[in-house]
Amino acid sequence: MMRPWWSGLAARDRRMLAIGAPLVLMMLGWALVWHQQSRKRVELMQDVQARQAELAYVERGAGEIARLRSAGQRSRGDRAGRSLLALADASARDAGLEAALRRVEPAGTHGVKVVFENARFDALVDWVEDLAQGYGVETRDLSVDRADGVGIVNARVTLQDAPR
């Protein structure tokens, strides 16, 4: 079927097909295979660069976390021998939350539960932050309900020492 068609072509057409067909096949091969692979390679290289940038960011963050943790552990010595229970009570009073402080009680072996009623929200948040920054104390649980008045809340805070 192909032979009669081929032999029916003029010599010039046969030469053109003999040279052109392999060229067309090579160009199709390049377009469909080689070009796609090289484009994918470029995409993968860009992805690797992006992942390396993310890794560097995470490593910087891990270094910052380690630095802050060690700063928190060092600051535990600032307690002057006070337990977490005594620290929570004294620091809440020092933060101006004495009138709102209702209860300070142990919560497990390394925790303290503190209950406030009609506390100023800003003072409460500042107190929690001061404990974390100054003494390495973590807030394990914080439950806040709106009370009467603007910025006044009832709160239950469970604190624990940061892991060493």
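Here the structure is a predicted model, which is why all the values come from computation and not from measurement. For every chain, the first residue of the written sequence is number 1, and numbering continues from 1 onward in sequence order. Reporting of local features is limited, given that this is a predicted model, to residues whose pLDDT is at least 70; pairs of side-chain atoms are given and counted only at 80 or more, and all residues count toward the totals for whole chains, interfaces and linings. In computing side-chain properties, one takes all heavy atoms of the structure into account and sets aside hydrogens as well as water.

1. With respect to the side chain of threonine 158
In this text, helices come from DSSP runs of H or I with a minimum length of four residues, and strands from runs of E with a minimum of two, each type numbered from the N-terminal end. On the secondary structure map, threonine 158 appears in strand β4 (residues 152-161). With residues up to four places along the chain from it excluded, the contact list for threonine 158 reads Ala107, Val112, Lys113, Glu138, Thr139, Arg140 and Asp141. When checking whether two residues touch, look at their non-hydrogen atoms; a contact exists if any pair is within 4.5 Å.

2. Some details on a negative patch on the surface
Patches draw on residues past 30% relative accessible area with no salt bridge. Two like charges within 9 Å are joined, as are two nonpolar side chains (Val, Leu, Ile, Met, Phe, Trp, Tyr) within 5 Å. Here, Shrake-Rupley sampling with a 1.4 Å probe gives the accessible areas, and only protein chains in the shown set may cover a residue. Note on definitions: salt bridges are taken to be side-chain nitrogens of Lys or Arg within 4 Å of carboxyl oxygens of Asp or Glu. Positive charges come from Lys and Arg, negative ones from Asp and Glu, while His and the chain ends are left out of the count. In this description, the location of a charge corresponds to atom NZ of lysine, CZ of arginine, CG of aspartate or CD of glutamate. A surface patch of like charges, here negative, comprises Asp122, Asp126, Glu129 and Asp130. The exposure class of aspartate 126 is partly exposed, given its relative accessible area of 42%. Between buried and exposed lies partly exposed: a residue is buried under 20% and exposed over 50% of the maximum accessible area for its type, with that area taken using a 1.4 Å probe on protein chains only.

3. Structural notes on helix α3 (residues 84-94)
Every buried residue belonging to α3 is among Leu84, Leu87, Ala88, Ser91 and Ala92, and all of these are buried. An end-on view of α3 places all buried positions within 120 degrees of arc, on one side of the element. A positive phi of about 85 degrees marks glycine 96, the residue just after α3. Working note: the arc is built from the helix axis to C-beta atom directions.

4. Some points on the packing of aromatic side chains
Here the aromatic set is Phe, Tyr and Trp, taking the six-membered ring for Trp, and pairing holds for ring centres within 6.5 Å; pairs whose planes are under 30 degrees apart are stacked, those over 60 apart are edge-to-face, and all others are tilted. Tallied over the entire structure, the rule returns two aromatic pairs. When the centroid spacing of 6.4 Å and the interplanar angle of 50 degrees are considered together, the rings of tryptophan 5 and tryptophan 6 count as tilted. The exposure class assigned to tryptophan 5 is partly exposed, which follows from its relative accessible area of 45%. Using a relative accessible area of 36% as the deciding quantity, one classes tryptophan 6 as partly exposed. Measuring from ring centre to ring centre gives 5.2 Å for phenylalanine 116 and tryptophan 127, while their planes differ by 75 degrees; the resulting arrangement is edge-to-face.

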